[in-house]
Structure formats: C-alpha cells, structure tokens
Amino acid sequence: MALCGVCTTPNLPNLQVFRSVRNSSIGLKRNHSLRQSTSSFRAKVVRFNCSSSLRPSSSNVEEIDEDVHNNPSVSLDGESANVMQFKWSDFKILDCVSIGHGGRADELVFEAIVQVPDSPLFNQGVVLRKLNTTRAQRRGRRAIEVFKKLVRRRLLYHSYSMQVHGYITNNLSDDQYSFTLVHGCHGSFSIRHWLQQSDWLPTLEATLALDEESFRRVGDDTTGGPAVSRQLRLIRILMRDILIGVNYLHSHGLAHTELRLENVHISPVDRHIKVGILGNAADFNGDGPSTSSAYSTMDRRQMMIAFDMRCVGFMMAKMVLQELMDPLIFAKLKSFLAKGNDPSSLREFFVTTLNTNSESGNTGVQILDRNWGAGWHLLSSLIATRPSKRISCLDALKHPFLCGPRWRVAPSMDIIRWGLGSTAVKISEEYIYRMPQRQRLAHFIGLMEMLNPYPKPNCWLELLPGRWRLLYSTGKHIGLTLRQPSTRALIGNVHLTITRASESANNTSLSFTSDIGFTAITSKDWPHNKIGATGKLRTLSQFRLIAGKRLYLKEEKKNIGKFSMGEPDAEEGLAEKLETEKWKKVVPFKEFPSSLPVAKLISGDIEVTMNMNDRIDSPGSVIGEVRKQIPPEMFDLSKLVCGTYIDSRLLVLRCVNGSALLFTRSSLDHMSM
C-alpha cells in the first residue's frame, strides 16, 4: 500500500524516492489561516511568469509553454501573506510515500513534517511536490496564483480545495530549474483508490463518520438499509460536495479542466471533498488577443463549464457503475459516445453490453433506476453531446437524484417525461403482462403522448433516424405463450432501423427496416440450452412523413370490445388523471383534448427477406410461427400509421388498429449488422 524511500538530508541529489505508479494525490483537512513569520520562511519578493489561459487540449502545449515567458508576471509580494516561502531545512522528510500521493512523470513527491516552531504549520504533515519540467512548474505557479484569487473566501476554499501553503526556494546551483510546491497532506487515498478497495463502502462510511446529520444534508432521514440504499446516500454526499466545489470555482471565473477521480480526495477531518490543487485551472476570460467580443467570452465560459460538467459526469458514472473502473470498459463507453450515440440511451447500452458478466451484479443500474430513472437523466444531462445541453452545477444540485425524500423538488417537464418513459420501460422489462400491467403500460404511454415534446414533423425528421428496439406492444403479447406450436421458434431482438433518404429539409422520405432475430428449434422437445438454427426476418418499406392529427372520439368507446389489452380503460383513466389538481399544473391544456398533433406515416411498397444460418426443412412454418409471436405491424410495416411520441430515448408508433408500439433507441454499433 505504501511506497518507501529513505532520506536523512534535504539535499535533493542524494534523496531517493520511489514514486507511485498510480496517478493520484491526496486529500486535505482544513487548516487555520496562515500568516507571515519572522522565522526562516520569511516571504521574499518573487515573480512568477504564469499563463492563466489554460485549455484542456494537448494540441496547445507548445503555445502554453511560450505563454509562460510572454505573459505578464505574477507577483507574490505584499498581498500574498497566505503564500509562504520555505527552505528544505524547514522540513523533516519522511521515509514513506502513501499510494494516494502518486504524481506525474515530471514530478517527485515527498511527505514531510514542518519543523519550524514559529510556523503555524509546526509539526503538521505536508506534501512536497517537486516539479522538474517547464510545464510542471507552470502548474505549480498557477496553483499559487489561483490560491491568491480564491483565498478571499477562505472558508469555502479550505472546504472544497487542497490548500496550497507555499513553495520552497531553490538554492542548489545544479538544480536551478526545479520548483517545489508545498500543499496540504491529510489522508492517503483519492476517490479512485477508495473505490478500488473490496470493502470500500463500509470503510468509507466509517472514515467519513456518517450519521443521521450527514444524511439530513442530502434530504434523507434513514440510516443503514441494503447496500443499494447505502451506496446511493454516499454517492449523493460525494456528488453534492463535488458540485459545490466546482460551482465555487465557476462562480469565481475559473474552470478546473482536470476533474478526475485521481485528483479528487476526501478529507476525514472536515468530511469534505477536495477538488485538487488547481494547477490547471483556467480563467473564463483568458489572456488571448483583445479582439474577443462579449459573445466569444460568453462562448468560452460556456464551453469551459461544459467541459468540467462532462468530467463530473464521468466521475459519477464510475462511482455508480463500478464496471467502468476497468479502463477497457470505460474505453467502450467513450467509444459509444464518440460514434454519435445519444447519452440518453446509455442505459440500453450498459444493460445489453457492459452488464452481462458483471461481478457487482446490477447494483449501479438499480441506483440509477430509482426515483423513476432520475439517475440516468442526471448522467445523460452531465455528458450530453452538445455542450449547450449540459446541466449546470446549480441545476444538478436541485436534481431529484441528488435530493433525498425529505426534500420536495418541483420536477421540470423534461424530468416528468423521463420518469414516465422510465417507468414504462421498467414494467416492460419485467415481462409480466397480466391485465394490471397492460393497463398501466397503456396508461403511461397515453400520458407520454399527451406530453409529446416534438409534435412538428421537422423535429421527427431529425430524431427518427437511428436504430430502435421494440419493447412492448399494446395489441399483442410478444414472444412465447402457452401454445404448443408444431414448429418452435424463440424470438430475439426486434429492431426498427430508420434512415433518411436525404438531408434536405424538403425531403420527407424515410426508409423503415424491420429486423426480427429468431432461433428455430429443430428438435421435437425443448432443449435445455435452446440451441437451434438462427435466422433473421427483414422487412423493408419506404415512408413519407407529413403533419397529421389523432382524434379522440368519445362515442366510439362504447363500440370497442371488452378484450382490447386495456386501452379503453387506460384512455378513460387518462382523462380522469388529467383532471386532477396535480396534473393540471403540468399538462399544457386544461381539459382532455379532442385531438393531438402527430407525425403521419404514408407507406409505400414492402419487401420481405429471410436469412438462415443453417438449413431447415420447413422454412414456411418457421416464418408462420415467427409472425404469430410478433406484432403484425413489424412484419407488415404499412400498418404503421402515425408517430405520437418521440424524444432522444423513446419512440411510440400507433398502428392502424389503434395499438401502440413502444421502442427504445439502440446503439449505432449494430447499424451495419
């Protein structure tokens, strides 16, 4: 756990230290305000050349290094009473380095104890970070500059950031280009190291001394419980502290630009999250040419905040979904996003791809599924593809996922739609389709249609293209039933792939392709492993999209038969639901409407093909059995008449008989399959 090095003298050439191979540093406890002393660390006039226009892009390294020499100098005289100047003789170098102190390749890390009696840090442990390259020295000097800027609000700075005590003067002629930063040292683990422990949950709970008062800070009034509830409470505490610290930087015109689990630490003293030493913090205004306008300044501010929020999203994903701690799996996630997939479909990707052989079970999925899928909504908002769509720190702190049951949060319309869709998806995944479940699903689908955010056809033309997986049909039970068929077939995934013929705004032509995967069982009895001949049934059709309306005719309710998969009752219950005071504040109309705008689908010719990997005796009977187990609209696409709901995650299509098909967006990785 610890990496050791022995030293009895502060002479650097004779000092041997083994650095940690992990890229991390350490937490900090709150220190008292520092003051100048008349001892050996008396402040001197020192000028640093520091670039405050740091960008998180590696392509600007040469540019930034030139700025170190060209930008105006930063003086530490006079106003920098909180930045102290030390000598190597002021410290007792310890003979071990904790694993949480591991630095970069251009750093040497020491643990030491201040030995100057007149110093306010006397007998306190500190970290000495010797920076050997120009770029590393820029980080150290930038950390001191940021400390000077933020120390005015000392309480918040001490609570949410590593405190920089000062630096060590260099008196060695053979090492004149080095720079050593002195910062706080408390604890030994970053959050990444905590999560890598097998018993991280109880150990971290004990380290933070979590009690009822701690849980009340996140709106929860219970303690203990199953591991899922305990982990959710802990993640709320950690995420709220991280967001408060990052918002503190943003409110002072700074972006962190380097938020990772390795750089974020937990102090067991004040039980706060420390967001690093801020050596790469960048100013929103920058030090670029004076030609920048107010618009470009605001654009830079928005982009830098969006970059930090994306980093916070990745941190949250790793804390909740432990599988993402594996670099290979995390690379799959980044590849998934880089291919243009919307983060709102992350649950579909994780459940079907990453969580199949997970050692931790589905604990992370359960956490994000709670509160009607609020965790998935927050995660997708943090790592949204467009920077302008990413949530801010203040809005994230008010998000239902980070607020316990004691806090009443008024959800936005977007979160209400998300909750309705998540509940429908959850019910469909349980695969229990008795009458109560069918009625509930039809009810939620009806509510989603009432709250459709994109009623205009031009919005559908942008959102429809992609690959959609069929979840549920209100008109037909999907899959096997109690029948005893002569030819047995297992239905796999049923996908609807939609492509746009042209990107022109005037071209409303769409191509619909239905892919039905199945396995034909050739033996007379059901085999235990369900092995058989795999095949795919594909239907292709062309559609034209125009504006239309869906009419709600009250007089037709009496003529509908009793067995209709719960739709009549659901529509009647929907009208009653919309009349309640709770929903009157949400829905955009005061009474049940007679019609709603929809995207009308006009179909063309249909082409059907079937591919089998193995030869079978009676392919016609196999096709007949497959058609009995799937909604007829997936075989005959001309029966799709309109689209009633769409967003970046879910799609609802209505058929000629009035039934609804619920789809969820699938990964683009399978588009070519």
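The residue count restarts for each chain, going from 1 along the sequence in the order it is written. Local features in a predicted model are, by the rule used here, given only for residues with pLDDT of at least 70; side-chain atom pairs are given and counted only at 80 or more, and totals for whole chains, interfaces and linings are based on all residues. Side-chain numbers here rest on the full set of heavy atoms in the structure, without hydrogens or water.

Further remarks concern the sheet that holds strand β18 (residues 533–551). In this description, strands pair whenever DSSP reports at least two bridges between them. Counting from the N terminus, the helices are the DSSP runs of H or I reaching at least four residues and the strands are the DSSP runs of E reaching at least two. Sheet architecture is closed into a barrel: 8 strands sit in the order β15-β16-β17-β18-β19-β20-β21-β22, paired in antiparallel fashion. Going from strand to strand, the sheet's axes swing by 35° on average, the running direction of each strand aside. Alignment of strand β16 (residues 488–500) against strand β17 (residues 509–521), held across 11 bridges, turns out to be antiparallel. What sits directly across from T499, in β17, is S511. Contact definition: two residues touch when any of their heavy atoms are within 4.5 Å. Axis definition: a line fit to C-alpha positions, over the contact stretch in the case of helices; interaxial angles, taken between N-to-C directions, run 0 to 180 degrees. Against the sheet, helix α18 (residues 619–629) contacts β16, β17, β18 and β19 (595–612), and its axis sits at roughly 70° relative to β16.

A separate point is the environment of N452. Within the fold, N452 resides in the loop between α14 (435–450) and α15 (457–463). Spatially, the C-alpha atoms of N452 and V652 are 9.9 Å apart, while their sequence positions differ by 200 residues. Leaving out residues up to four positions away in the same chain, N452 has contacts with R417, W460, T644, Y645 and I646.

This part takes up the side chain of R142. Relative to the helices and strands, R142 resides in helix α2 (residues 134–150). Between buried and exposed lies partly exposed: a residue is buried under 20% and exposed over 50% of the maximum accessible area for its type, with that area taken using a 1.4 Å probe on protein chains only. Taking the relative accessible area as the measure of exposure, R142 reaches 1% and is therefore buried. There is a polar contact of 3.3 Å between the side chain of R142 and the side chain of D283. In protein, a polar contact requires one atom able to donate a hydrogen and another able to accept it; more generally it is a pair of N or O atoms within 3.5 Å, and residues adjacent in sequence count only if both atoms are side-chain atoms.

Fine structural detail should not be taken from predicted coordinates in areas where pLDDT scores are low. Every residue is assigned a pLDDT by the predictor, reflecting its confidence on a scale from 0 to 100. Looking at the protein as a whole, its pLDDT mean stands at 76, while 71% of the residues score no less than 70. Below a pLDDT of 50 lies the segment residues 1–80, which in the model reaches 217 contacts outside its immediate sequence neighbourhood of four places, other chains included. Within the model, pLDDT remains below 50 along residues 555–568, and this stretch shows 17 contacts once partners closer than five positions in the same chain are excluded.

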